[in-house]
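Remarks on the overall topology
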Amino acid sequence: MNMKTLISAVMLAGLAGTASAEEKTVTLYSSNPEQAIEAVAGAVKDKASDIKLNSITGGSGVLLRRLEAEAANVQGDIFWSSSFNTVGAFEGVFQAYESPELASIPEKLRYPGNLFTPSNVHVVVLMVNENQLGDLPKPKTWTDLLDPKWKGKIVVADPANSSTGYTVLWGVHKMLGDEKLKQLAANVAVSSSSSAVQNGVAMGEYAVGLAFEANAYPYVDGGQEEIKLIYPEDGTFITADFAGLVKGAPGGDAAKKAFDILISKETQTELLKTSFRRPSRGDIEVSKIVKLPEMSAIKVFDIDEKEAATQRNAFLDTWRSFAAAGAK
């Protein structure tokens, strides 16, 4: 090898090292199940090979409080995901971002000022293990669950730590009022996370779990014939799940690029296939991909998401008092 060739080889090696050094790390804080996070990680790898996606998981409330505590030394880039009623209490941690993908998301689902972006839509269901019903009839409505015979047979996630739990209990409160929420509180066991709700029902610890459709349906799809999803006849609650770009995200433009991939048509379609999440986008036909009822077949009780967010602390205090009274 002559001197000129040697110099060229050294220069190329240096450039290769520089390219490797330019790989950007984006940190995702997520309350979503492993298969959903893997779907997003796979999409980022396919569409942006220069981005390395790291993930930190936990309950949505826990992760949001962590982001709040890290505000002076930001560690995370993207939070994914939680409902309006939960993320709305942590607006100061996030920065507005109008992704190019936002054009495909219906206006009615969007967050004011695009501080957060809808990543999918959740529907609340009753996840029922028919083997654990005993002599109890399969519930059809929320009011069916208020009978004292259900005490200890129903599980819901702690609303302070889970946006699922908060969405469910806020909705019941608005639909049925204080007294009936107290009756429900007397009957339910409270788990630390939403995943513990589904697992508890699937394993036969509880007859009914108050859950999001996307989190309960995998057990049906997985072949557990005793598990049924019930959409209450007196109405159920829907909420968009939001993703947010953390204020001062250290990943910079790479974080925005990963965010765009997260809410792209390809990623939302993959999440529907693998995690049964109803897309927030209006350009995906759900019934052609999975066997879930169309929204037109589900009776929805409308709730004010902004009110749910602004009244979060007051409602949590109310729920704690009801839960404490019910435990006696």
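The structure displayed is predicted, hence computed values, not measured ones.

Regarding its fold elements, the protein presents 12 helices and 11 strands. Computed over the C-alpha atoms, the radius of gyration of the protein is 22 Å, within 12% of the 20 Å expected from 2.2 N^0.38 for a compact globule of 328 residues. Its C-alpha atoms give the protein principal-axis dimensions of roughly 90 × 40 × 35 Å. The proportion of buried residues among the 328 residues of the protein is 50%. In the protein, the proportion of contacts linking residues at least 24 apart, taken out of those at least 6 apart, comes to 78%. Within the structure as shown, the protein displays about 14900 Å² of accessible surface, and the carbon and sulfur contribution to it stands at 50%. Where the 33 positive side-chain charges of the protein centre and where its 40 negative ones centre are 1 Å apart.

Once that is clear, we can look at the pairing of strand 6 (residues 154-157). Residues Ile154 and Val156 of strand 6 are buried on one face, and the alternating residues Val155 and Ala157, pointing to the opposite face, are buried as well. Relative to strand 7 (residues 188-191), strand 6 runs parallel, the two being bridged by four bridges. Its bridge partner lying in strand 7, Val156 is registered against Val190. Strand direction decides the pairing type here: strand 6 and strand 8 (residues 208-212), joined by two bridges, are parallel. Pairing of Val155 across the sheet is with Gly209, part of strand 8.

Taking burial as the measure, the six residues of strand 3 (residues 78-83) include six buried ones, the bulk of the element. Bridge count between strand 1 (residues 24-30) and strand 3: three bridges; the pairing is parallel. The residue of strand 3 that forms the bridge with Tyr29 is Phe79.

Looking now at the side chain of His122. Its location among the elements puts His122 in strand 5 (residues 117-129). Given a relative accessible area of 2%, His122 falls into the buried group. Engagement of the side chain of His122 in a polar contact is seen with the side chain of Asn120, the distance being 3.4 Å. In this structure the side chain of His122 is engaged in a polar contact, spanning 2.7 Å, whose partner is the side chain of Asp241. Once residues lying within four places of it in the same chain are set aside, the contact partners of His122 are Phe212, Ala214, Phe237, Ile238, Thr239, Asp241 and Arg277.

Attention shifts here to the side chain of Glu305. Relative to the helices and strands, Glu305 resides in helix 11 (residues 305-310). At 10.0 Å, Arg312 is the nearest oppositely charged side chain to Glu305, a buried residue that forms no salt bridge. Separated by 2.7 Å, the side chains of Glu305 and Thr239 make a polar contact. Those residues within four positions of Glu305 in sequence are excluded, and the remaining contacts are Phe84, Asn85, Ile238, Thr239 and Ala240.

Turning our eyes to something else, we now look at the packing of helix 2 (residues 34-47) against helix 10 (residues 265-275). It is at 9 Å that the axes of helix 2 and helix 10 come closest, and there the two elements cross at 150°. Overall, the two elements helix 2 and helix 10 adopt an arrangement that is roughly antiparallel. Of the two possible hands of crossing, helix 2 and helix 10 adopt the one that is right-handed. Across the interface between the two elements, Gln35, Ala36, Ala39, Val40, Ala43 and Lys47 from helix 2 touch Glu266, Thr267, Glu270, Leu271, Thr274 and Ser275 from helix 10. Residue classes in the contact of helix 2 with helix 10 are distributed as five nonpolar, four polar and three charged.

Reading the values: rules and limits
- Residues numbered from 1 in each chain as written.
- Predicted model: local features only at pLDDT ≥ 70, side-chain atom pairs only at ≥ 80, totals over all residues.
- Heavy atoms only, no water.
- Helix = DSSP H or I, 4+ residues; strand = E, 2+ residues; numbered from the N terminus.
- Rg over C-alpha atoms; globule rule 2.2 N^0.38 Å.
- Buried < 20%, exposed > 50% of the residue type's maximum accessible area, 1.4 Å probe, protein only.
- Contact = heavy atoms within 4.5 Å.
- Areas by Shrake-Rupley, 256 points an atom, 1.4 Å probe, with all protein chains shown as cover.
- Lys, Arg positive; Asp, Glu negative; His and termini not counted.
- Charge placed at Lys NZ, Arg CZ, Asp CG, Glu CD.
- Pairing = 2+ DSSP bridges.
- Polar contact = N/O pair within 3.5 Å; in protein donor to acceptor, adjacent residues only side chain to side chain.
- Salt bridge = Lys/Arg side-chain N within 4 Å of Asp/Glu carboxyl O.
- Axes fitted to C-alpha atoms, helices over the stretch in contact; angles between N-to-C directions.
- Parallel < 35°, antiparallel > 145°, perpendicular 65-115°, else oblique.
- Left-handed = near helix turned anticlockwise from the far one by under 90°.
- Nonpolar A, V, L, I, M, F, W, Y, C, P; charged D, E, K, R; others polar.

Honestly, that's just the spatial picture; any functional story needs more than this.
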